[in-house]
Structures are given as C-alpha cells and as structure tokens.
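Results of the structural survey
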Amino acid sequence: MTDPLKKDSAAVPSDDGGDSSTPGDSSPEPERSGIPPETIKAIPVRHYGRWVGTAVVLALLALLVNAFAGAQIQWSVVGEQITNGTFAWGAWETLKITVLAMVIGVVLGTILAVMRLSPNPVLSSVAWAYIWFFRGTPVIVQILLWFNLSLVFQTLDLGFIYKNEMNEVMTPFVAALLALGLNEAAYMAEITRAGIQSVDQGQTEAAHALGMKGTQTMRRIVLPQAMRVIIPPTGNEFINMLKTSSLAFAIGYGELFLRGREFGSRTLAIMEGYIVVSLWYLALTTVFSIGQYYLERYYARGSNRALPPTPLQRIKAQLTRFRVPSKVGKVSV
C-alpha cells in the first residue's frame, strides 16, 4: 500500500504551474574541484552628474575670471594701495573698535544673561527690556543717536567724578564704540543664556550639594561647560562685528571703509579703492576664522572622544596617501 505522504512529497507544484522535483530526483551537483573561485572585480559606479556639475562650475569660474581680467580696473593701483599706510591705518582702527566693542558685548551680555535667568522679576524684566530695545533698532540708528546725544544733553555731569561738554565727550570713536558694544551685548546675552541652559541641571544641583554658592557654581561649573556652546556663535558675532563696524563711517570715524571711500573720491579710482577694502576685510576675517576654529577645538575636548583633525593634519594625511608602499619580501616556508 502506497504511503500518501510519500506520494505527495514526490512532486511539489512550483509557482509557474509545473512540478518541482524532489531532492532525490534532482540532478547531481557538479563535482567540487580544488580551483579557487574567481576574484570579484568591483567596478565603481560612474557619476556622470558630478562630472557635468564640475564642468559647469569651472566654466562659470573661467568666465568670471575672464570678465574681471578684461574689465576697466587698474590692478596695478590695487597692488600699490594694498600696502598703503592709509588702508593699513584704517584696518587698525577697524580692528581696534571691533575688539573693544566685543569686550563690552561679551562682559555685559554675560551679566544680562544671568539677570535674564534670575528668579528676581525686576532683574529679569530689565534684562528682557534691554535685549528687546537693542535688538529691535538698527545699528546705524543707534550710532547716530549716540553721536547726536549733545542735542539732548549739553553736558555730561557725573558729580565730582567727571564733568565736561557732551560734544567733547561724544567723539566719533566713543559714539561708535558705545553703539556697537551695547548692541552686541543684547545678542551675546541670548547666546550666553542658551549656553547656560545647555548645561544639565544636575551639575548645578551637585555643586550646591557640595556647598558652593550660586556665583561659585556659575563661575566654576556652569560657564566652563557652557563655553562649548557659546564659542561658535561668539566667533561668528566677532566676524560680523568686524564688518558691521563699517557703519561708523556715517559719523566720520576713520575706519577701513571710510578710508577706501575717501581714496575713491580723491583719486576717482572708486572700484580700485573698494577692492582694496574688500581684500583687507577678507584677510582679517580669514585670520580670525582660523583662530575661531582652534578655539572651538580646544573647548570640544571634554565632549568629543577624538578631536577633529586640524587643516595641517588633513593636508599631511592627503600627502601621505600618495606615498609608495614599501616592498616586503616573500617569506618561504
């Protein structure tokens, strides 16, 4: 008597309607030989879109260079004036007011951030109102307000400490410094507040459990950890301040942009003067961008297990890729 299980297992219907043979009916496997399998040849995928995009970008760059090369620009004048004392002194004035304004902005911004986070409603409200006013008005308006302050107050009277005419006190440098520094403090307050709030609350609780006061906790525990978040936007604010300081030309402060404007009016080489000014700004921003990179890298030591490579390390790594590997002799057994 035939077993129905064996009969059913003899032929199993396949997906295409045919019967698939059982393992016993399958053809014998090919004999295994000692020849190793053929090495797989990996053919990289060709990205034609990248080549087309690269060609288009290079063509546009070539057209741009060709346009400026044939333009009516006296490049010899640019080369002569790039090291001129007039532009160099203007760059120094720009750098000076930028650094001083950032010092005012960072110090006052930190104080405002702590006031903003204070549980005292008066301190937090005053800090909020300060940030609201200085972020809501243009910088050029603030510069002009400070410079024309003598129209409202004829004298600056601080009692027995200091007293003088407002016109003598509010020079173009002082007016630009106050406007830029106080305006920057409003932005630095928000940056510092975000950095402080990025630190885990448990850090503050642990410091209080050790007996630290609020000021000690903020100075020794919270702010050092918040620097990792504060430094990147602060570097961007510094570079932005370097360029925003050009608005001081409106009140006659002799910074870099005003020197270029005066040079163009005096020699009628207007475009040449603006090109020299642009090159000076690019040089200054490049130097401080490099400094910002290393400062961010320094404060990232506590959060990143492996610090990102520096530009010099990247260049060295790229150069070592083209070295010829040393030949190793074969060892016979």
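Quick look at the structure, then. None of these values were measured; they are calculated from a predicted model.

A closer look at the nonpolar core
- Ranked by size, the top nonpolar core spans 17 residues in total, and within it Ile97, Ala101, Ile143, Ala176, Leu180, Met241 and Ile251 carry the most contacts.
- Within the residue set of this core, elements represented by two or more residues are helix H4 (85-116), helix H6 (139-147), helix H8 (172-198) and helix H10 (214-244).
- Residue contacts for Ala101: discarding those within four places in its chain leaves Leu177, Leu180, Gly181 and Met241.
- Counting residues in each nonpolar core, the second largest holds twelve residues, with Ile73, Val78, Ala269 and Ile275 among its members.

Some details on the pattern of salt bridges
- Overall, the coordinates contain three salt bridges when judged by the stated rule.
- With its nearest N and O atoms 2.9 Å apart, the salt bridge here joins Arg193 to Glu190. Residue Arg193 and its partner Glu190 are both found in helix H8; the two are separated by three residues, about one turn of the helix.
- Each of the salt bridges in this network shares a partner with another, and the network as a whole consists of Arg116, Glu190 and Arg193.

Quick word on the environment of Thr110
- With respect to the helices and strands, the residue Thr110 is situated in helix H4.
- A relative accessible area of 24% places Thr110 in the partly exposed class.
- Along the chain, Thr110 and Ile196 lie 86 residues apart, while their C-alpha atoms are 9.9 Å from each other.

Regarding the packing of H4 against helix H11 (residues 256-267)
- It is at 7 Å that the axes of H4 and H11 come closest, and there the two elements cross at 155°. The orientation of H4 with respect to H11, classified from their angle, is roughly antiparallel. When H4 is examined against H11, the residues Thr86, Phe87, Trp89, Gly90, Ala91 and Thr94 are found in contact with a partner set consisting of Leu256, Arg259, Gly260 and Phe263.
- Of the residues contributing to the contact of H4 with H11, the split by class is five nonpolar, four polar and one charged.

Here's the deal with the packing of aromatic side chains
- The tally for this structure, following the rule as stated, stands at nine aromatic pairs.
- Consider the rings of Phe133 and Phe134, whose centres lie 5.1 Å apart with planes at 90°: the pair is edge-to-face.
- Assessed through its relative accessible area of 39%, Phe133 is described here as partly exposed.
- The buried category is assigned to Phe134, whose relative accessible area is 10%.

Examining unusual backbone geometry
- In the Ramachandran plot, Leu268 falls in the positive-phi region, its phi being about 65° despite a non-glycine side chain.
- Note that Leu268 resides in the loop between H11 and helix H12 (270-299).

Conventions used here
Residues numbered from 1 in each chain as written. Predicted model: local features only at pLDDT ≥ 70, side-chain atom pairs only at ≥ 80, totals over all residues. Heavy atoms only, no water. Core = buried A, V, L, I, M, F, W, Y, C linked by side-chain atoms within 4.5 Å. Buried < 20%, exposed > 50% of the residue type's maximum accessible area, 1.4 Å probe, protein only. Helix = DSSP H or I, 4+ residues; strand = E, 2+ residues; numbered from the N terminus. Contact = heavy atoms within 4.5 Å. Salt bridge = Lys/Arg side-chain N within 4 Å of Asp/Glu carboxyl O. Axes fitted to C-alpha atoms, helices over the stretch in contact; angles between N-to-C directions. Parallel < 35°, antiparallel > 145°, perpendicular 65-115°, else oblique. Nonpolar A, V, L, I, M, F, W, Y, C, P; charged D, E, K, R; others polar. Phe/Tyr/Trp six-rings, centres within 6.5 Å; stacked < 30°, edge-to-face > 60°.

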